[in-house]
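# Breakdown of the fold
Spelled out, the chains give:
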Amino acid sequence: MIRRRLLGGLAALPLLLAAAGGAGAEERVVNIYNWSDYIDPKVLDDFTRETGIKVVYDTYDNNEILETKLLAGKSGYDVVVPSGPFLQRLIKAGVFLPLDKGKIPNLRNAWPEITGRLQAYDPGNAFAVDYMWGTTGIGVNVAAVRERLGPNAPLNSWSLVLNPGFIAKLKDCGVMLLDSPEDLIPSILPFYGYKSDSKRWDDITAVTDALYKVRGSVRKFHSSEYINGLANGDVCLAVGYSGDVMQAKKRAEESKNGVEVAYFIPKEGALMWFDAFAIPKDAAHPAEAHAFIDYMMRPEVAAANTNFVSYANGNLASQKFVKPEILNNPGIYPDAAVMQRLSVNTAWNDSTQRFVTRAWTRVRTGR
(Lines give C-alpha, C1' and ligand atoms only; values in the text may rest on other atoms or scores of the structure.)
Protein backbone atom coordinates (compact mmCIF):
# COMPACT_ATOMS: atom_id res chain seq x y z
CA MET A 1 0.00 0.00 0.00
CA ILE A 2 2.35 2.64 -1.22
CA ARG A 3 0.39 5.80 -0.75
CA ARG A 4 -0.23 9.02 -2.53
CA ARG A 5 2.50 11.30 -1.26
CA LEU A 6 4.21 13.04 -4.16
CA LEU A 7 2.62 16.42 -3.57
CA GLY A 8 5.80 18.47 -3.25
CA GLY A 9 6.52 20.79 -0.40
CA LEU A 10 8.87 19.32 2.22
CA ALA A 11 12.31 19.76 0.80
CA ALA A 12 14.54 17.88 3.24
CA LEU A 13 13.89 14.76 5.27
CA PRO A 14 13.94 14.27 8.14
CA LEU A 15 12.62 17.74 8.83
CA LEU A 16 13.76 19.19 12.13
CA LEU A 17 11.99 22.19 13.49
CA ALA A 18 13.68 24.08 16.27
CA ALA A 19 11.62 24.99 19.30
CA ALA A 20 10.71 28.62 19.72
CA GLY A 21 11.83 30.53 22.76
CA GLY A 22 14.76 29.96 25.03
CA ALA A 23 16.02 26.55 26.02
CA GLY A 24 14.58 25.20 29.24
CA ALA A 25 16.00 22.78 31.73
CA GLU A 26 14.23 19.98 29.85
CA GLU A 27 13.56 20.30 26.16
CA ARG A 28 10.14 19.07 25.10
CA VAL A 29 10.06 17.11 21.86
CA VAL A 30 7.66 15.02 19.79
CA ASN A 31 8.92 12.55 17.18
CA ILE A 32 6.52 12.18 14.25
CA TYR A 33 6.55 9.49 11.54
CA ASN A 34 4.14 10.31 8.72
CA TRP A 35 3.65 9.86 5.00
CA SER A 36 5.84 11.94 2.69
CA ASP A 37 4.57 15.40 1.75
CA TYR A 38 1.41 14.98 3.79
CA ILE A 39 1.29 18.07 5.97
CA ASP A 40 1.53 21.84 5.63
CA PRO A 41 5.04 22.66 6.95
CA LYS A 42 3.71 25.91 8.41
CA VAL A 43 1.49 23.87 10.74
CA LEU A 44 4.58 22.32 12.30
CA ASP A 45 6.26 25.70 12.70
CA ASP A 46 3.15 27.15 14.33
CA PHE A 47 2.83 24.17 16.69
CA THR A 48 6.39 24.61 17.91
CA ARG A 49 6.02 28.37 18.20
CA GLU A 50 2.90 28.05 20.34
CA THR A 51 3.79 25.09 22.53
CA GLY A 52 7.57 25.16 22.70
CA ILE A 53 7.58 21.49 21.69
CA LYS A 54 10.26 20.71 19.14
CA VAL A 55 9.10 18.53 16.24
CA VAL A 56 11.34 15.87 14.74
CA TYR A 57 9.55 14.85 11.57
CA ASP A 58 10.48 11.75 9.56
CA THR A 59 8.60 10.32 6.58
CA TYR A 60 7.87 7.01 4.87
CA ASP A 61 6.07 6.04 1.67
CA ASN A 62 4.46 2.70 2.48
CA ASN A 63 2.73 1.01 5.38
CA GLU A 64 5.04 -1.99 5.36
CA ILE A 65 8.00 0.15 6.47
CA LEU A 66 5.99 1.58 9.34
CA GLU A 67 4.63 -1.82 10.36
CA THR A 68 8.10 -3.38 10.43
CA LYS A 69 9.46 -0.61 12.67
CA LEU A 70 6.54 -0.78 15.10
CA LEU A 71 6.52 -4.56 15.40
CA ALA A 72 10.26 -4.55 16.06
CA GLY A 73 9.68 -2.16 19.00
CA LYS A 74 11.62 0.88 20.16
CA SER A 75 10.84 2.75 16.95
CA GLY A 76 11.69 6.06 18.60
CA TYR A 77 8.46 7.68 17.43
CA ASP A 78 5.70 9.31 19.45
CA VAL A 79 3.06 9.71 16.73
CA VAL A 80 2.60 7.53 13.65
CA VAL A 81 -0.03 7.49 10.88
CA PRO A 82 -0.95 3.96 9.72
CA SER A 83 -3.70 3.19 7.21
CA GLY A 84 -6.86 1.23 8.03
CA PRO A 85 -6.06 -2.51 7.75
CA PHE A 86 -2.51 -1.91 9.00
CA LEU A 87 -3.90 0.05 11.94
CA GLN A 88 -6.18 -2.91 12.67
CA ARG A 89 -3.32 -5.42 12.63
CA LEU A 90 -1.08 -3.24 14.76
CA ILE A 91 -3.82 -2.71 17.35
CA LYS A 92 -4.24 -6.48 17.59
CA ALA A 93 -0.47 -6.80 18.01
CA GLY A 94 -0.67 -4.49 21.02
CA VAL A 95 1.77 -1.86 19.80
CA PHE A 96 -0.31 1.26 20.56
CA LEU A 97 -1.04 3.23 23.69
CA PRO A 98 -4.75 3.77 24.39
CA LEU A 99 -5.59 7.43 23.85
CA ASP A 100 -6.17 9.62 26.89
CA LYS A 101 -9.07 11.49 25.34
CA GLY A 102 -9.15 13.96 28.22
CA LYS A 103 -5.89 15.31 26.79
CA ILE A 104 -7.41 15.72 23.32
CA PRO A 105 -10.31 18.13 23.88
CA ASN A 106 -10.40 19.00 20.19
CA LEU A 107 -11.80 15.54 19.51
CA ARG A 108 -15.12 17.35 19.81
CA ASN A 109 -14.41 18.56 16.26
CA ALA A 110 -14.25 15.03 14.84
CA TRP A 111 -16.61 14.04 12.03
CA PRO A 112 -18.99 11.33 13.35
CA GLU A 113 -19.38 9.81 9.88
CA ILE A 114 -15.63 9.23 9.67
CA THR A 115 -15.01 8.18 13.27
CA GLY A 116 -17.84 5.71 12.89
CA ARG A 117 -16.31 4.11 9.83
CA LEU A 118 -12.85 4.11 11.40
CA GLN A 119 -14.22 1.78 14.07
CA ALA A 120 -14.01 -1.05 11.56
CA TYR A 121 -10.29 -0.97 12.40
CA ASP A 122 -10.31 0.59 15.87
CA PRO A 123 -13.42 -0.44 17.82
CA GLY A 124 -14.53 2.37 20.09
CA ASN A 125 -11.92 4.69 18.56
CA ALA A 126 -9.72 3.74 21.48
CA PHE A 127 -6.32 4.03 19.79
CA ALA A 128 -6.55 6.27 16.74
CA VAL A 129 -7.79 9.64 15.45
CA ASP A 130 -8.45 10.07 11.74
CA TYR A 131 -6.09 12.49 10.00
CA MET A 132 -7.03 12.21 6.32
CA TRP A 133 -9.29 9.94 4.32
CA GLY A 134 -10.14 9.44 0.69
CA THR A 135 -11.27 7.01 -1.96
CA THR A 136 -9.76 4.76 -4.59
CA GLY A 137 -11.22 5.49 -8.01
CA ILE A 138 -10.61 6.37 -11.63
CA GLY A 139 -8.50 9.22 -12.99
CA VAL A 140 -8.83 10.09 -16.67
CA ASN A 141 -7.56 12.41 -19.34
CA VAL A 142 -11.08 13.34 -20.42
CA ALA A 143 -10.37 14.34 -24.01
CA ALA A 144 -8.12 11.37 -24.75
CA VAL A 145 -10.60 8.83 -23.39
CA ARG A 146 -13.62 10.35 -25.14
CA GLU A 147 -11.67 10.57 -28.38
CA ARG A 148 -11.20 6.81 -28.28
CA LEU A 149 -14.44 5.65 -26.68
CA GLY A 150 -16.87 8.37 -27.76
CA PRO A 151 -18.76 11.06 -25.86
CA ASN A 152 -20.76 8.54 -23.83
CA ALA A 153 -17.74 6.72 -22.41
CA PRO A 154 -18.58 5.36 -18.93
CA LEU A 155 -16.03 7.44 -17.06
CA ASN A 156 -17.66 6.74 -13.68
CA SER A 157 -17.78 2.96 -13.97
CA TRP A 158 -15.35 0.15 -13.26
CA SER A 159 -16.33 -1.18 -16.71
CA LEU A 160 -13.97 1.44 -18.13
CA VAL A 161 -11.16 -0.58 -16.59
CA LEU A 162 -12.53 -4.12 -16.68
CA ASN A 163 -14.13 -4.25 -20.13
CA PRO A 164 -11.41 -5.66 -22.42
CA GLY A 165 -12.85 -3.84 -25.41
CA PHE A 166 -12.77 -0.46 -23.68
CA ILE A 167 -9.33 -0.72 -22.17
CA ALA A 168 -7.77 -2.10 -25.35
CA LYS A 169 -8.76 1.13 -27.11
CA LEU A 170 -6.98 3.11 -24.39
CA LYS A 171 -3.73 1.12 -24.47
CA ASP A 172 -2.07 3.54 -26.86
CA CYS A 173 -2.69 6.60 -24.67
CA GLY A 174 -1.50 4.87 -21.49
CA VAL A 175 -3.16 2.90 -18.70
CA MET A 176 -1.77 2.52 -15.18
CA LEU A 177 -3.20 0.62 -12.23
CA LEU A 178 -2.21 0.70 -8.57
CA ASP A 179 0.38 -1.87 -7.55
CA SER A 180 -1.63 -2.50 -4.41
CA PRO A 181 -3.92 -5.52 -4.18
CA GLU A 182 -5.02 -4.35 -0.72
CA ASP A 183 -6.61 -1.32 -2.39
CA LEU A 184 -7.45 -2.50 -5.87
CA ILE A 185 -9.20 -5.81 -5.15
CA PRO A 186 -11.62 -4.50 -2.48
CA SER A 187 -12.32 -1.47 -4.67
CA ILE A 188 -13.46 -3.61 -7.59
CA LEU A 189 -15.37 -6.30 -5.68
CA PRO A 190 -18.64 -4.25 -5.70
CA PHE A 191 -18.62 -4.26 -9.51
CA TYR A 192 -19.29 -8.00 -9.31
CA GLY A 193 -21.91 -7.64 -6.60
CA TYR A 194 -19.59 -8.61 -3.74
CA LYS A 195 -18.83 -6.69 -0.57
CA SER A 196 -15.54 -4.79 -0.49
CA ASP A 197 -14.69 -6.61 2.72
CA SER A 198 -15.32 -10.09 1.30
CA LYS A 199 -12.76 -12.64 2.38
CA ARG A 200 -14.09 -15.38 0.08
CA TRP A 201 -11.37 -16.63 -2.22
CA ASP A 202 -13.85 -17.13 -5.08
CA ASP A 203 -14.85 -13.45 -4.88
CA ILE A 204 -11.23 -12.34 -4.86
CA THR A 205 -10.52 -14.63 -7.81
CA ALA A 206 -13.32 -13.01 -9.83
CA VAL A 207 -11.46 -9.72 -9.57
CA THR A 208 -7.96 -11.02 -10.20
CA ASP A 209 -9.16 -13.08 -13.19
CA ALA A 210 -10.75 -9.95 -14.67
CA LEU A 211 -7.57 -7.95 -14.11
CA TYR A 212 -5.53 -10.74 -15.66
CA LYS A 213 -7.64 -10.50 -18.81
CA VAL A 214 -6.94 -6.79 -19.24
CA ARG A 215 -3.34 -6.75 -18.04
CA GLY A 216 -2.06 -6.69 -21.63
CA SER A 217 -3.47 -3.19 -22.01
CA VAL A 218 -1.87 -1.92 -18.80
CA ARG A 219 1.37 -0.03 -19.29
CA LYS A 220 2.43 -0.31 -15.67
CA PHE A 221 1.29 -1.26 -12.20
CA HIS A 222 2.58 1.51 -9.94
CA SER A 223 1.23 3.42 -6.98
CA SER A 224 2.59 6.89 -7.65
CA GLU A 225 3.93 7.36 -11.19
CA TYR A 226 0.43 7.87 -12.55
CA ILE A 227 0.31 11.32 -10.93
CA ASN A 228 2.82 12.87 -13.30
CA GLY A 229 1.61 10.60 -16.08
CA LEU A 230 -1.90 12.03 -15.90
CA ALA A 231 -0.65 15.58 -15.40
CA ASN A 232 1.58 15.65 -18.47
CA GLY A 233 -0.71 13.61 -20.73
CA ASP A 234 1.42 10.45 -20.88
CA VAL A 235 -1.38 8.44 -19.23
CA CYS A 236 -5.07 8.68 -20.10
CA LEU A 237 -6.49 6.24 -17.53
CA ALA A 238 -5.30 5.45 -14.01
CA VAL A 239 -6.83 3.71 -11.05
CA GLY A 240 -5.50 5.61 -8.08
CA TYR A 241 -6.16 7.59 -4.94
CA SER A 242 -8.43 10.61 -4.89
CA GLY A 243 -5.87 13.13 -3.68
CA ASP A 244 -3.26 11.93 -6.13
CA VAL A 245 -5.55 12.43 -9.10
CA MET A 246 -6.55 15.85 -7.77
CA GLN A 247 -2.87 16.72 -7.55
CA ALA A 248 -2.40 15.59 -11.15
CA LYS A 249 -5.30 17.83 -12.14
CA LYS A 250 -3.72 20.76 -10.30
CA ARG A 251 -0.35 20.21 -11.96
CA ALA A 252 -1.91 20.05 -15.41
CA GLU A 253 -3.79 23.29 -14.80
CA GLU A 254 -0.69 25.04 -13.47
CA SER A 255 1.37 23.97 -16.48
CA LYS A 256 -1.39 25.11 -18.89
CA ASN A 257 -0.67 22.10 -21.10
CA GLY A 258 -4.27 21.63 -22.20
CA VAL A 259 -4.72 18.33 -20.34
CA GLU A 260 -8.05 18.02 -18.52
CA VAL A 261 -7.75 15.52 -15.67
CA ALA A 262 -10.86 14.36 -13.84
CA TYR A 263 -11.48 11.97 -10.97
CA PHE A 264 -14.50 9.68 -10.68
CA ILE A 265 -15.82 7.54 -7.86
CA PRO A 266 -17.30 4.53 -9.69
CA LYS A 267 -21.07 4.28 -9.56
CA GLU A 268 -20.88 0.59 -8.59
CA GLY A 269 -19.10 1.49 -5.35
CA ALA A 270 -15.60 2.26 -4.18
CA LEU A 271 -13.23 1.84 -1.28
CA MET A 272 -12.59 4.39 1.44
CA TRP A 273 -9.19 4.52 3.07
CA PHE A 274 -8.13 6.21 6.30
CA ASP A 275 -4.80 7.43 7.67
CA ALA A 276 -4.98 7.89 11.43
CA PHE A 277 -2.81 9.27 14.24
CA ALA A 278 -1.75 6.71 16.83
CA ILE A 279 0.77 6.66 19.68
CA PRO A 280 3.17 3.70 20.04
CA LYS A 281 3.04 2.05 23.45
CA ASP A 282 6.75 2.68 23.98
CA ALA A 283 6.58 6.36 22.97
CA ALA A 284 9.06 8.38 25.00
CA HIS A 285 6.91 11.52 24.95
CA PRO A 286 3.24 10.56 25.29
CA ALA A 287 2.20 13.94 26.74
CA GLU A 288 3.69 15.76 23.78
CA ALA A 289 2.10 13.21 21.42
CA HIS A 290 -1.33 13.95 22.85
CA ALA A 291 -0.65 17.68 22.56
CA PHE A 292 0.31 17.28 18.91
CA ILE A 293 -2.83 15.28 18.05
CA ASP A 294 -4.99 17.81 19.88
CA TYR A 295 -3.39 20.65 17.91
CA MET A 296 -3.94 18.82 14.64
CA MET A 297 -7.63 18.50 15.50
CA ARG A 298 -8.12 22.26 15.63
CA PRO A 299 -10.48 23.17 12.79
CA GLU A 300 -8.17 25.79 11.27
CA VAL A 301 -5.19 23.44 11.44
CA ALA A 302 -7.02 20.49 9.92
CA ALA A 303 -8.24 22.76 7.13
CA ALA A 304 -4.72 24.08 6.47
CA ASN A 305 -3.48 20.54 5.94
CA THR A 306 -6.39 19.66 3.65
CA ASN A 307 -5.81 22.82 1.64
CA PHE A 308 -2.15 21.82 1.28
CA VAL A 309 -2.57 18.16 0.26
CA SER A 310 -6.06 18.10 -1.34
CA TYR A 311 -7.36 15.24 0.80
CA ALA A 312 -10.48 15.25 2.95
CA ASN A 313 -9.88 15.22 6.69
CA GLY A 314 -11.81 13.70 9.58
CA ASN A 315 -12.57 17.04 11.22
CA LEU A 316 -16.14 18.20 10.61
CA ALA A 317 -15.60 21.63 12.15
CA SER A 318 -12.75 22.31 9.73
CA GLN A 319 -14.95 22.39 6.67
CA LYS A 320 -15.81 26.07 6.96
CA PHE A 321 -12.08 26.80 6.58
CA VAL A 322 -11.46 24.44 3.64
CA LYS A 323 -11.03 26.07 0.24
CA PRO A 324 -14.35 26.00 -1.65
CA GLU A 325 -12.78 24.34 -4.68
CA ILE A 326 -11.74 21.45 -2.44
CA LEU A 327 -14.80 21.24 -0.21
CA ASN A 328 -17.18 21.41 -3.19
CA ASN A 329 -15.27 18.86 -5.24
CA PRO A 330 -17.32 15.63 -5.10
CA GLY A 331 -14.22 13.58 -5.74
CA ILE A 332 -12.73 14.80 -2.45
CA TYR A 333 -15.82 15.41 -0.33
CA PRO A 334 -18.55 13.14 -1.78
CA ASP A 335 -22.19 13.96 -1.14
CA ALA A 336 -24.38 11.86 1.14
CA ALA A 337 -25.65 9.61 -1.67
CA VAL A 338 -22.13 8.74 -2.83
CA MET A 339 -20.97 8.21 0.75
CA GLN A 340 -23.52 5.41 0.98
CA ARG A 341 -21.76 3.64 -1.91
CA LEU A 342 -18.38 3.78 -0.18
CA SER A 343 -17.17 0.91 1.96
CA VAL A 344 -14.17 -0.18 3.99
CA ASN A 345 -12.04 -3.30 3.99
CA THR A 346 -10.51 -4.97 7.01
CA ALA A 347 -7.25 -6.91 7.07
CA TRP A 348 -6.96 -10.34 5.44
CA ASN A 349 -5.86 -13.24 7.61
CA ASP A 350 -2.50 -14.86 6.90
CA SER A 351 -3.78 -17.59 4.60
CA THR A 352 -5.86 -15.17 2.54
CA GLN A 353 -2.94 -12.75 2.37
CA ARG A 354 -0.78 -15.53 0.89
CA PHE A 355 -3.55 -16.40 -1.57
CA VAL A 356 -3.86 -12.76 -2.64
CA THR A 357 -0.10 -12.42 -3.03
CA ARG A 358 -0.02 -15.38 -5.42
CA ALA A 359 -3.02 -14.11 -7.38
CA TRP A 360 -1.58 -10.62 -7.62
CA THR A 361 1.78 -11.91 -8.81
CA ARG A 362 -0.09 -13.66 -11.64
CA VAL A 363 -1.84 -10.41 -12.58
CA ARG A 364 1.35 -8.36 -12.57
CA THR A 365 3.63 -10.86 -14.31
CA GLY A 366 1.24 -12.90 -16.43
CA ARG A 367 2.55 -16.08 -14.83
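Since the structure is predicted, the reported quantities are computational estimates derived from the model, not experimental observations. (Residues numbered from 1 in each chain as written. Predicted model: local features only at pLDDT ≥ 70, side-chain atom pairs only at ≥ 80, totals over all residues. Heavy atoms only, no water.)

### Concerning the overall build of the protein
Selection criterion: Runs of E in the DSSP output that reach at least two residues are strands. Runs of H or I that reach at least four are helices, and both are numbered from the N terminus. The quantity called the radius of gyration is restricted to C-alpha atoms. Its globule counterpart is 2.2 Å times the number of residues to the power 0.38. Relative accessible area decides the class of each residue, using a 1.4 Å probe on protein chains only: under 20% of the type maximum gives buried, over 50% gives exposed, and in between gives partly exposed. Contact definition: two residues touch when any of their heavy atoms are within 4.5 Å. Using a 1.4 Å probe, the Shrake-Rupley method yields the accessible areas, and only the shown protein chains count as cover for residues. Here Asp and Glu are counted as negative and Lys and Arg as positive; His is not counted, and neither are the chain ends. Every charge is mapped onto a representative atom, which is NZ of Lys, CZ of Arg, CG of Asp or CD of Glu.
The helix and strand inventory of the protein stands at 16 helices and 12 strands. At 21 Å, the protein has a C-alpha radius of gyration in line with the 21 Å of a compact globule built from 367 residues. By its C-alpha atoms, the protein is 70 × 50 × 35 Å across when sized along the principal axes. By residue count, 58% of the 367 residues in the protein fall in the buried class. A separation threshold of at least 6 residues defines the contact pool for the protein, and within that pool the share at least 24 residues apart is 76%. Put simply, the protein shows about 14700 Å² of open surface, and 52% of that area lies on carbon and sulfur atoms. For the protein, the distance from the average position of its 41 positive side-chain charges to the average position of its 40 negative side-chain charges is 5 Å.

### A short note on the environment of Val142
Looking at where Val142 falls in the secondary structure, it is placed in helix α5 (residues 142-149). Judged by relative accessible area, Val142 falls into the buried class, the value being 6%. Along the chain, Val142 and Ala153 lie 11 residues apart, while their C-alpha atoms are 9.6 Å from each other. Sequence-distant contacts of Val142, that is, excluding residues within four places in its chain, are made with Glu260 and Ala262.

### Section: the packing of helix α1 (residues 41-51) against helix α12 (residues 286-296)
To keep things clear, this is the line we draw: Geometry is summarised by axes, namely lines fitted to C-alpha atoms with helices restricted to the contacting stretch, and by angles between N-to-C directions that run from 0 to 180 degrees. Relative orientations are named as follows: roughly parallel for angles under 35 degrees, roughly antiparallel for angles over 145 degrees, roughly perpendicular for angles from 65 to 115 degrees, and oblique for any other angle. Handedness of a crossing follows from how the near helix is turned relative to the far one, being left-handed for an anticlockwise turn of less than a right angle and right-handed for a clockwise one. Think of it as three bins: nonpolar holds Ala, Val, Leu, Ile, Met, Phe, Trp, Tyr, Cys and Pro, charged holds Asp, Glu, Lys and Arg, and polar takes everything else, Gly as well.
At a minimum axis separation of 11 Å, α1 and α12 run at an interaxial angle of 125°. By the criterion of interaxial angle, the relationship of α1 to α12 is oblique. As α1 runs across α12, the sense of the crossing is right-handed. Counting all contacts with α1, which are made through Val43, Leu44, Asp46, Phe47 and Glu50, the residues of α12 involved are Ala291, Phe292, Tyr295 and Met296. Tallied by class, the residues present in the contact of α1 with α12 amount to 7 nonpolar, no polar and 2 charged.

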